[in-house]
Amino acid sequence: MAKRIVIVGGGFAGLNIAKNIKSKEYDIILVDRNNYMFFPPLLYQVATGFLTSSNISYPYRKMFRNKRNIRFKLGEVIKVIPNKNTIELTTGALSFDYLVFATGTETNYFGMENVRKHAIPMKTINDSLEMRNYILSQLEKATNLTSVQEISNALTIVIAGGGPTGVEVAGMLAEMRVSIFRKDYPEFEKMGVLSHIYLVDGAEQLLSPMSKDAQEYTYNMLASQGVKILLKTQVTDYVDNVVKLSNGQSIQSEILIWAAGVTAQIFEGIPSEHYGPGRRLLVDAYNKIIGFENIYAIGDTCIQKSDVHFPNGHPQVAQVALQQGKNLANNFNYQLDTVKIRPFSYKDRGSMAIIGRNKA
C-alpha cells in the first residue's frame, strides 16, 4: 500500500513539496484552513484596492484536479499524536506515515492586547480586505466631519514595522494620498493635507535584512513622498485611538496597521523542547524535527541551524520555503529509489520590496 504523507499548510513550502513528489508510491493529503492558496507578496496590492482577492488566490481542488495521488482536506490542527501516527483536525482525524508541517507564521503582537484587538494585521486575504474596507470607510467618515483635528485623526495612518510589508504599504498609501484621495475626495483639498502616514520601526534602518544601499534608497524615497519615518522606536500600546510609542511620544490615529512581527504556531502533542526562537520547530539538515523519525517541518515554521552559512537559522522568506519544499520532496523521491538523500542548503537569490510606482 502507498505510504501516506500529510502536509499541513498550503503556502509556498507545502504546495512545493506536494507538487514535486513524483513517485506514485505516496498518497498525499494537503491540509489547510482555507480551500485556496494565495500569493502573500501582493497582499498590499489587495489592501490598497489595486488588485482583487481573486487576482492572487487559486483553489486547491482545481489545482490538484489532475493529480491522482494528491487530495485536499479543509481543516486546522487540534492535536498531534506521534505515537499513533495520527493528527486531529477540526474536520476529523488523519493517520499518516509521514507528517510535514508547513504552516508558516502568524501575526505577533508581543503580548499587547489592545494592539491585537484594534490594529489591522497584514497576513491573510481577509486582513487585506479588512484594511481596504476600513480605510475607505474612514475616508467617507471624514467627509462628514467638520473639525480639522477630527478629520486628521480619522485619516492619519500609523504603520508598525519597517520590513518589506511595512514599506510597501507605506509607499502605496503615500502614492494613493496624492493620486487618488485628493481627486476622489475634493472636500479634503480645500483644507490642505490632513492625512499623515507614519512608519515606525524599532531598528536603526528600514528593511534590515537588505543592503545598505537598498535601505537608504527606501528611506529617501518614502521621506520624499511625505512618509514620516520613526526609527529606533516601537509601538507600546494603542488606547482610545492613540498610538503610544517607546520614545514617549504618542500619535492620534484611528488607523494602526500592524506589520511589526510574526511568530510560528505551537502544536499540542509536540513538546516544548522541540521549539526554538520564535516558536519555530527545531529541524535537522533534512528538515526532520529533531527527536522524531517521521515528522518534518519546512518553511517559516521551522528553524534549521545545520547550514554553515546560516548558523542562526534561515530567513523567513519565500525562497527558503520553496527550496526546502523541493528538497524534501526530492528526498522522498530518493528514499524510494534508494538514492542518498540530500541535506538542505539555501541558495539566496536576492529579495525585492516594491515601495511605489517604478520604485523598488
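It should be noted that the structure appears before, not after, this text.
Within any chain, residue numbers begin from 1 and follow the written order of that chain's sequence. Whole-chain, interface and lining totals are the exception, using all residues; otherwise, since this is a predicted model, local features are given only for residues with pLDDT of at least 70 and side-chain atom pairs are given and counted only at 80 or more. The basis for the side-chain values is all heavy atoms of the structure; hydrogens and waters are excluded.

Chemist: Report on the sheet that holds strand 14 (residues 228-230), specifying residues and quantitative values.
Modeler: Spatially, 11-18-12-13-14 is the arrangement adopted by the 5 strands of the open sheet, whose pairing is parallel. Single-partner strands in this sheet number two, and they are strand 11 (120-121) and strand 14. Here the rule is simple: two strands pair whenever DSSP picks up at least two bridges between them. Strands are runs of DSSP state E lasting at least 2 residues, helices are runs of H or I lasting at least 4, and numbering of each runs from the N terminus. As paired strands, strand 12 (residues 157-160) and strand 13 (residues 197-200) are joined by 4 bridges and run parallel to one another. Bridged to Ile157 within strand 13 is Ile197. Along the sheet, helix 7 (residues 164-184) contacts strand 12, strand 13 and strand 18 (255-258); its crossing angle with strand 13, the most-contacted strand, is approximately 170 degrees. Should any heavy atoms of two residues lie within 4.5 Å, those residues are counted as being in contact. Here an axis means a line fitted to C-alpha atoms, over the contact stretch when the element is a helix, while the angle between two N-to-C directions is reported on a 0 to 180 degree scale.

Chemist: Tell me about unusual backbone geometry, and please be specific about residues and values.
Modeler: The backbone phi angle of Leu207 is positive, close to 50 degrees, even though this residue is not glycine. Phi is positive for Asn241, which is not a glycine, with a value near 65 degrees. Locating Asn241 in the fold gives a position in the loop between strand 15 (235-239) and strand 16 (242-245). Exposure classes here rest on a 1.4 Å probe applied to the protein chains alone. A residue is buried below 20% of its type maximum, exposed above 50%, and partly exposed in between. Take Asn241: its relative accessible area is 35%, and that puts it in the partly exposed class.

Chemist: Can you lay out the packing of aromatic side chains for me, pointing to particular residues and giving the numbers?
Modeler: The aromatic pairing rule takes the rings of Phe, Tyr and Trp, using the six-membered ring of Trp, and pairs them if the centres are within 6.5 Å, calling planes under 30 degrees apart stacked, those over 60 edge-to-face and the rest tilted. The tally for this structure, following the rule as stated, stands at 11 aromatic pairs. Between Tyr26 and Phe332, the aromatic rings sit 5.5 Å apart at their centres with planes inclined by 70 degrees, giving edge-to-face as the arrangement. A residue pair is termed long-range when its members are at least 10 positions apart, and Tyr26 in strand 2 (residues 26-32) and Phe332 in helix 10 (residues 318-337) qualify at 306 residues. Judged by its relative accessible area of 1%, Phe332 falls in the buried class. On the basis of an interplanar angle of 20 degrees and a centroid distance of 6.3 Å, the ring pair of Tyr60 and Phe64 is categorised as stacked. The pair Tyr60 / Phe64 is uniform in exposure class, with both members buried. Through successive ring pairs, a cluster of aromatic residues spans Tyr26, Tyr98, Tyr296 and Phe332.

Chemist: Could you give an account of the side chain of Gln215, with specific residues and numbers?
Modeler: Relative to the helices and strands, Gln215 resides in helix 9 (residues 212-224). Setting aside residues no more than four positions away along its own chain, Gln215 makes contact with Gln205, Leu206, Leu207, Ser208 and Met210.

Chemist: Can you explain the pattern of salt bridges? Please cite residues and give values.
Modeler: What counts as a salt bridge is simple: a side-chain nitrogen of Lys or Arg found within 4 Å of a carboxyl oxygen of Asp or Glu. Considering all chains together, one arrives at 8 salt bridges under this definition. Between Glu293 and Lys288 there is a salt bridge, and its shortest N-O distance comes to 3.9 Å. Relative accessible area serves as the criterion here: at 65%, Glu293 is assigned to the exposed category. Each of Arg4, Asp27 and Arg71 takes part in a single network of salt bridges with overlapping partners.

Chemist: Describe the pairing of strand 7 (residues 86-89), listing the residues and the values that go with them.
Modeler: Bridge count for strand 6 (residues 77-81) against strand 7 is 4 bridges, and the pairing is antiparallel. Bridged to Val77 within strand 7 is Leu89. The antiparallel pairing of strand 6 with strand 7 creates a hairpin that spans 4 residues between the two strands, and Asn85 there sits at a positive phi of about 50 degrees. The pairing of strand 7 with strand 8 (residues 92-95) spans 4 bridges and is antiparallel. Within the sheet, the bridge partner assigned to Thr86 lies in strand 8 and is Ser95. The antiparallel hairpin formed by strand 7 and strand 8 contains 2 residues in its connecting segment.

Chemist: Residue-level account of the side chain of Thr107, with values.
Modeler: Among the secondary structure elements, Thr107 is positioned in strand 10 (residues 106-107). Overall, Thr107 belongs to the buried group, its relative accessible area being 17%. Sequence-distant contacts of Thr107, that is, excluding residues within four places in its chain, are made with Pro121, Lys123, Trp258, Gly261, Val262 and Thr263.

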